[in-house]
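A closer look at the structure
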Amino acid sequence: MEAVSAQVLSHYRSELVERIRANGNMLSAGDLTVKLAKEFGFCYGVERAIDLAYAARKYFPAEKPIYLLGEIIHNPEVNDQIRNMGIQIISPKPTTEEMDRLHSGDVVMIPAFGTEVGTRKKLEDKGCQLVDTTCGDVMSVWKRVRQYSKENVTSIIHGKAKHEETKATTSQARAYGSGHYLVVFTLAETDYVCKYILNGGNKAEFLDKFKGAHSEGFDPDADLKAIGVANQTTMLRGETEEVQRRLKNAMIQKHGAGEIEKHFRFFDTICGATQDRQDALEKLLREPLNLLLVIGGYNSSNTSHLAEMGEAKLPTYFIKNAAKMVSDTLIGHYDQHKGKEVETRDWFPAGKVTVGITAGASCPNNLIEDTIRRLFELRGISVKKLLDS
């Protein structure tokens, strides 16, 4: 890890970003001002995962293949860099064909989101050497969910059922005990569960509504009598707290306040770095801004929530890199509601403009620098001259 730290730093650091941070997180020239959120970009868990990937490639002989389960983190540029180092990417849940390619002693990297219990067991049974980059905050959630399971408590997980982290977490809920799990994503889904807890309902409709988001054999009539709330670590804290509050109130109404400890558990499992970035953006959004740029991978959960926060306040553009700013009249950006990249014209106002910038925990500083340079370039201003002056 120590041997590769300089290499990692050279790939992803940004002198420009560091200078802007030292200057109160702001850079101005002409009629353009750029303001950075106080907290943004790589978190400790992401840095550790990348460091481990670089270290693994240096540690093992060059001729020895290294495989990675899916993406190391949710950032296309970083994953391309990992691929360019000769690390081969296979499915997060390897197919039979991919498992057949692996041999005893082969190196397999587990990404920062973790992997499912069954996948890990298959790799161990195969005799693979595992390089586990799972984030410590994710493992804290697993510990809580396993505890629920051992106590025959159903885990209600606030998250995205198809996200790699949530899949890994749900596998923990069934591996070490008799508990079940149910994944809820929205407050509307939470309210549906609350109504079922209080009044019962159509079991077949319930199971169909949450198809792919509950454990095998889950029975809402039997398995919602004792529940424990956990969450995907990158969700919005306020929304997770609201999920917890509504479910707790439903259990109090159903069983009484005096019995709540028998029927309801809760543990705060929001990642600290995720919360820091959300808090910093909330503070930035209180300042006068004309627009917000959110930089990161389109499949990054924590980045998508930053974009949601911005959209609620002002024009917000979720971009994966500076190249998406085609011109001052055209930008390509991700529309979360449509689930695809779209183009917007006349996005960059003429005259005096203040642009807010933040980035997800999987976005390196060099991509943030590229974005800042491009913004000034669109105004005909050289950042190099600006910094040299």
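**Examining the side chain of Ser362**
- With respect to the helices and strands, Ser362 occurs in the loop between strand E16 (353-359) and helix H16 (365-378).
- Among the polar contacts listed, one links the side chain of Ser362 to the backbone oxygen of His74, at a separation of 3.1 Å.
- Setting aside its immediate chain neighbours within four residues, Ser362 contacts Phe42, Val46, Ile73, His74, Asn75, Val78 and Ser300.

**As for the pattern of salt bridges**
- Tallied over the full model, the rule gives 19 salt bridges.
- A salt bridge links Arg265 to Glu151, with the shortest nitrogen-to-oxygen separation between them at 2.2 Å. With Arg265 in strand E10 (residues 264-266) and Glu151 in the loop between helix H7 (136-150) and strand E7 (154-158), the pair connects residues that are 114 residues apart, well separated along the chain.
- One salt bridge connects Arg245 with Glu242, and the closest N-O pair in it is separated by 2.6 Å. One end of the pair, Arg245, and the other, Glu242, are both in helix H12 (residues 237-255), three residues apart, so they sit about a helical turn from each other.

**A word on a negative patch on the surface**
- A cluster of like negative charges, contributed by Glu39, Asp276, Asp279 and Glu282, occupies part of the molecular surface.
- As for its position among the elements, Asp276 is in helix H14 (residues 272-284).
- On the basis of relative accessible area, Asp276 is assigned to the partly exposed category, the value being 39%.

**Some words on the environment of Lys225**
- Checked against the element boundaries, Lys225 lands in the loop between helix H11 (220-223) and strand E9 (227-231).
- Sequence separation between Lys225 and Lys167 is 58 residues, and the spatial gap between their C-alpha atoms is 23 Å.
- For Lys225, the residues in contact, after removing those within four places along its chain, are Met251, His255 and His263.

**Considerations on the packing of H14 against helix H15 (residues 301-311)**
- Relative orientation of the contacting elements H14 and H15 amounts to 20 degrees, with a least axis distance of 10 Å. Compared by their axis directions, H14 and H15 come out roughly parallel. As H14 runs across H15, the sense of the crossing is right-handed. From H14, Thr274, Arg277, Gln278, Leu281 and Glu282 reach across to H15, where they touch Asn302, His305, Leu306 and Met309.
- The class makeup of the residues in the contact of H14 with H15 is three nonpolar, four polar and two charged.

**Focus: the nonpolar core**
- Counting 32 residues, the largest nonpolar core has Leu293, Trp347, Ile357, Ile368, Ile372 and Leu375 as its most contacted members.
- For this core, the secondary-structure elements that each account for two or more residues are helix H2 (15-22), strand E1 (26-29), strand E2 (32-36), strand E11 (291-295), strand E12 (316-319), E16, H16 and helix H17 (383-388).
- In terms of residue count, H16 provides more of this core than any other element does, six residues in total.
- Aside from chain neighbours lying at most four places away, what touches Ile372 is Leu16, Val17, Ile20, Leu27, Val34, Leu36 and Ile357.

**Here we look at the packing of aromatic side chains**
- Evaluation of the coordinates by the stated rule reveals 13 aromatic pairs.
- On the basis of an interplanar angle of 75 degrees and a centroid distance of 6.4 Å, the ring pair of Tyr12 and Tyr54 is categorised as edge-to-face. Residue Tyr12 is located in helix H1 (residues 5-12), and its partner Tyr54 is located in helix H3 (residues 44-59); the two are separated by 42 residues in the primary sequence.
- Its relative accessible area of 1% is what places Tyr54 among the buried residues.
- Considering the side-chain rings of Phe206 and Phe210, the 5.0 Å spacing of their centres and the 40 degrees angle between planes classify their relative orientation as tilted.
- Judged by relative accessible area, Phe206 falls into the buried class, the value being 0%.
- You can call Phe210 buried: its relative accessible area is 2%.
- Following the ring pairs from residue to residue traces out a cluster consisting of Tyr192, Tyr196, Phe206, Phe210 and Phe218.
- A cation over a ring is seen here: Arg21 above Phe40, with NZ or CZ 4.1 Å from the ring centre.

**Some words on the sheet that holds E7**
- The sheet built from four strands is open, its strands ordered E8-E7-E9-E10 with parallel pairing. Strands at the two margins of the open sheet, each flanked by one partner only, are strand E8 (181-184) and E10. Averaged over all pairs of adjacent strands, the angle between strand axes in this sheet comes to 25 degrees, irrespective of strand direction.
- Bridging between E7 and E9 involves five bridges; their strand directions are parallel. Directly across from Ser155, in E9, lies its bridge partner Gly228.
- Strands in contact with helix H8 (residues 164-175) are E7, E8 and E9; relative to E8, the strand with the most contacts, it is inclined by about 155 degrees.

Conventions used here
Residues numbered from 1 in each chain as written. Predicted model: local features only at pLDDT ≥ 70, side-chain atom pairs only at ≥ 80, totals over all residues. Heavy atoms only, no water. Helix = DSSP H or I, 4+ residues; strand = E, 2+ residues; numbered from the N terminus. Polar contact = N/O pair within 3.5 Å; in protein donor to acceptor, adjacent residues only side chain to side chain. Contact = heavy atoms within 4.5 Å. Salt bridge = Lys/Arg side-chain N within 4 Å of Asp/Glu carboxyl O. Patch = residues over 30% accessible without salt bridge, like charges linked within 9 Å, V, L, I, M, F, W, Y side chains within 5 Å. Areas by Shrake-Rupley, 256 points an atom, 1.4 Å probe, with all protein chains shown as cover. Lys, Arg positive; Asp, Glu negative; His and termini not counted. Charge placed at Lys NZ, Arg CZ, Asp CG, Glu CD. Buried < 20%, exposed > 50% of the residue type's maximum accessible area, 1.4 Å probe, protein only. Axes fitted to C-alpha atoms, helices over the stretch in contact; angles between N-to-C directions. Parallel < 35°, antiparallel > 145°, perpendicular 65-115°, else oblique. Left-handed = near helix turned anticlockwise from the far one by under 90°. Nonpolar A, V, L, I, M, F, W, Y, C, P; charged D, E, K, R; others polar. Core = buried A, V, L, I, M, F, W, Y, C linked by side-chain atoms within 4.5 Å. Phe/Tyr/Trp six-rings, centres within 6.5 Å; stacked < 30°, edge-to-face > 60°. Lys NZ or Arg CZ within 6 Å of the ring centre and 35° of its normal. Pairing = 2+ DSSP bridges.

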